[in-house]
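# Structure assessment
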Amino acid sequence: MKTIRDRLTRWSLVGLLMTLAAAVMYTPAASAHGEKSQAAFLRMRTIHWFDLNWSTDQLKVNEEMEISGKFHVFEGWPESVDPPEVSFLNVGIPGPVFIRKESYIGDTFVPRSVRLEIGNTYTFRVVLKARRGGEWHVHPMLNVQGGGPIIGPGKWVIIEGKLSEFKNPITTLTGQTIDLENYNTANTVFWHVLWYAIGLAWIIYFVRNPVFLPRMVMVNAGRGDELITPTEKKVGMLFGAATILLLIFGYSSTQSKYPVTIPLQAGTLRGIKPIEMPAPSVDVKVDEATYRVPGRAMKMVLTVTNKGDRPVQLCEFMTANVRFMNPEVCEDDTGYPEDLLADEGLTVVPNDPIAPGETKTIEVTASDAAWEVYRLADIIYDPDSRMGGILFFYDDAGNRQMVMIDAPLIPTFM
Ligand SMILES: [Cu+2]
């Protein structure tokens, strides 16, 4: 009996150790950062990020990079997300591995939240300065109040160097140049330690003598007054006076060292200028849009009318950051993140140019692992089986036409 119990104890200890070791050693690399688990129809029907450009994907600590591009605020904005009346242009990174030096929507510097209008298209630009060495997945993103984070495509960026080399100098309006990375840290530590020490001193002074039982007995016996000696009363007054004096000194010395201070600057920025998108000369009617369950493709039947004066061809279908490209018409040259780029993902039948004035019905298949990897296939679980996206057409002179589509997406099971 005893040996069995010993064995059990020993083996459960081994098991516990192994579990602990596994938990410590197992650090899976996250390859996307949250967006996959968001409802597919939300990702397809809120913000469409396009024309993105990452100025580099490898840099050293203190060097800067820029993410720029455009985003379209989708006309068919879902009810469950508040309209983007208070939105914030952010970047999705694991803490400040970069710092955000500047960010712009249109020409407006946007350190605060902005008001965006549904249906408009905006340009944006974010300047990042590398801070912590490592390999980071950097996303542009938009936070919508009452909605949540709407995450743009993420690209891996490598930072070389050490955190300790990082500098963040700024020059204030009073002419001083300071390093924001450690500005005022010593002062903060000093005052917190000082007051903590004063608090401790007060407690230690009174716990020199027995604290609980003898005092309780004295109070119960009606002799509580004898517990506080005249010296202790004086010490109490000394602490009180010193505290007030120290406060007055702290306030006045801070005031004389920093005579010019301003309150926190805040408030939503309005009047953000959208870009004028020329009305497309291509008309698209979505006759039918389906996807197979299970499967990794989506199929659309489109009736396209070319009202322009040049022949056009469908080059790309973009939804929820995934770009399905028709390799016979165009290719990506921006270094778009590979997992989101289906460079041969779009099949168009028939794929001939659509002549000016012509109306043609084409069958478009968008197919790539990304459809599954990014869980767009999970639209089957969504309460609104509609999709939105952008179709890009090119004419024979290389001019681009952008057409937004918004249509029900019906699953097929057979
Ligand atoms: Cu990511």
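Rules behind the numbers
- Residues numbered from 1 in each chain as written.
- Predicted model: local features only at pLDDT ≥ 70, side-chain atom pairs only at ≥ 80, totals over all residues.
- Heavy atoms only, no water.
- Buried < 20%, exposed > 50% of the residue type's maximum accessible area, 1.4 Å probe, protein only.
- Helix = DSSP H or I, 4+ residues; strand = E, 2+ residues; numbered from the N terminus.
- Pairing = 2+ DSSP bridges.
- UniProt positions renumbered as here; feature names shortened; annotations may be inferred.
- Expected span 1.5 Å × (residues − 1).
- Contact = heavy atoms within 4.5 Å.

## Brief notes about the pairing of strand β4 (residues 87-92)
Burial runs high along β4: six of the six residues are buried. Residues S87, L89 and V91 of β4 are buried on one face, and the alternating residues F88, N90 and G92, pointing to the opposite face, are buried as well. Pairing of β4 with strand β8 (residues 134-144), which is carried by six bridges, proceeds in the antiparallel orientation. Residue pairing across strands places V91 opposite P140, the latter belonging to β8.

## As for the UniProt feature "transmembrane region" (unreviewed entry) in the protein chain
Taking the numbering used here, the UniProt-annotated feature "transmembrane region" (unreviewed entry) corresponds to residues 189-207 and 235-252. In the segment residues 235-252, helix accounts for 100% and strand for 0%; the C-alpha atoms at its two ends are 26 Å apart.

## Points about the sheet that holds strand β17 (residues 341-342)
One open sheet accounts for five strands, arranged β17-β16-β15-β20-β21; its pairing is mixed. The sheet terminates laterally at β17 and β21 (400-408), the two strands that pair on one side only. Note: strand β20 (residues 386-395) against β21, nine bridges, orientation antiparallel. Across the sheet, residue L391 finds its bridge partner in β21, namely V403.

## A closer look at helix α5 (residues 230-257)
Since the α-helix advances by 3.6 residues per turn, residues separated by three or four positions end up pointing in the same direction. Look at α5: 40 Å from first C-alpha to last across 28 residues, which is about the 40 Å you get at 1.5 Å a residue. When α5 is considered as a whole, its buried residues turn out to be E232, V235 and G250. In this fold, the buried residues of α5 make contact with α3 (185-206).

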